[in-house]
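Overview (structure and organization)
Residues per chain are reported as follows:
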Amino acid sequence: MVDVAGKGATHRVARAAGRIRMLPATLKRIAAGTAAKGDVLGVARIAAIQAAKRTADLIPLCHPLTLTHVSVDFTLERKAGAVRCEATVATTGLTGVEMEALTAVTAGLLTIYDMCKSADRGMRLENIGLLEKKGGKSGHWVATPR
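In this numbering scheme, every chain counts its residues from 1 along its sequence in written order. Restriction of local features to residues with pLDDT of at least 70 applies here, the model being predicted, together with a cutoff of 80 or more for giving and counting side-chain atom pairs; totals for whole chains, interfaces and linings are based on all residues. Computation of side-chain values: all heavy atoms of the structure, hydrogens and water removed.

Okay, the pattern of salt bridges next. Take a side-chain nitrogen of Lys or Arg and a carboxyl oxygen of Asp or Glu: if they are within 4 Å of each other, that pair is a salt bridge. What the rule picks out here adds up to nine salt bridges. Between R19 and E126 there is a salt bridge, and its shortest N-O distance comes to 2.6 Å. On the criterion of sequence distance, the pair formed by R19 in strand β1 (residues 10-21) and E126 in strand β4 (residues 124-134) is long-range, its members being 107 residues apart. A salt bridge links E132 to K134, with the nearest nitrogen and oxygen atoms 3.9 Å apart. Overall, K134 belongs to the partly exposed group, its relative accessible area being 39%. Helix and strand labels come from DSSP, where a helix needs a run of H or I of at least four residues and a strand needs a run of E of at least two; each type is numbered from the N terminus. Exposure is judged per residue with a 1.4 Å probe applied to protein chains only, and the accessible area is read against the type maximum: over 50% gives exposed, under 20% gives buried, and values in between give partly exposed.

Structure (structure tokens):
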């Protein structure tokens, strides 16, 4: 692991997002709350929060952090046939929370896949990436559109 002992503790925030594309019928089931396994977005939100908290257990060499805030929002993109997930993670510490935000998004989307795979095995995770980070020596960074 990288030695972060010489760094100062600062407030750090990271936002990440991604989406999962699916058949229109699958998106309708999620929106209506009629998926076979229940409340897809509610369960996916809890999975995303848990994943953010356990990132150091999943990603080798990632520092274990005490998180002060995790929020996860889902947006139904009906025209695109997708669900978008955005996670915001914060801490006051010696290192950033980019990995925690990215892990939250990925776990949330994977949970949607798991809960809906019996209806739609062709779902695709896409465009997972860091949107913004604040804090630390490198300051504020915002992703440029690609």
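The subject of this paragraph is the sheet that holds strand β5 (residues 141-142). Taken in spatial order, the five strands make up an open sheet running β2-β3-β1-β4-β5, and their pairing is antiparallel. Either end of the sheet is taken by a strand with one partner, and the two such strands are β2 (69-77) and β5. The rule for pairing is simple: two strands pair if DSSP sees at least two bridges between them. Sheet analysis places β2 next to strand β3 (residues 82-93), joined by nine bridges and oriented antiparallel. The residue of β3 that forms the bridge with S71 is T88. Residue contacts are defined here by distance: any two heavy atoms, one from each residue, within 4.5 Å place the two residues in contact. Only the stretch in contact is used when fitting a helix axis, every axis being a line fitted to C-alpha atoms; angles between N-to-C directions are given from 0 to 180 degrees. On top of the sheet, helix α2 (residues 40-53) reaches β2 and β3; it is set at about 145° to β2, its chief contact.

Between α2 and helix α4 (residues 98-116), the shortest axis-to-axis distance is 7 Å and the interhelical angle comes to 145°. Our pair here, α2 against α4, has a crossing hand that is right-handed. Within the contact between the two elements, α2 uses V40, L41, V43, A44, A47, A48, A51 and A52 and α4 uses E100, T103, A104, A107, G108, T111, I112, M115 and C116. For the contact of α2 with α4, the class distribution of residues is 13 nonpolar, three polar and one charged. The sense of a crossing depends on the near helix, which, turned anticlockwise from the far helix by less than a right angle, makes the crossing left-handed and, turned clockwise, makes it right-handed. Residue polarity is assigned by list, with Asp, Glu, Lys and Arg as charged and Ala, Val, Leu, Ile, Met, Phe, Trp, Tyr, Cys and Pro as nonpolar; anything else, Gly included, falls into the polar class.

Any functional reading would require information that these geometric values do not contain.
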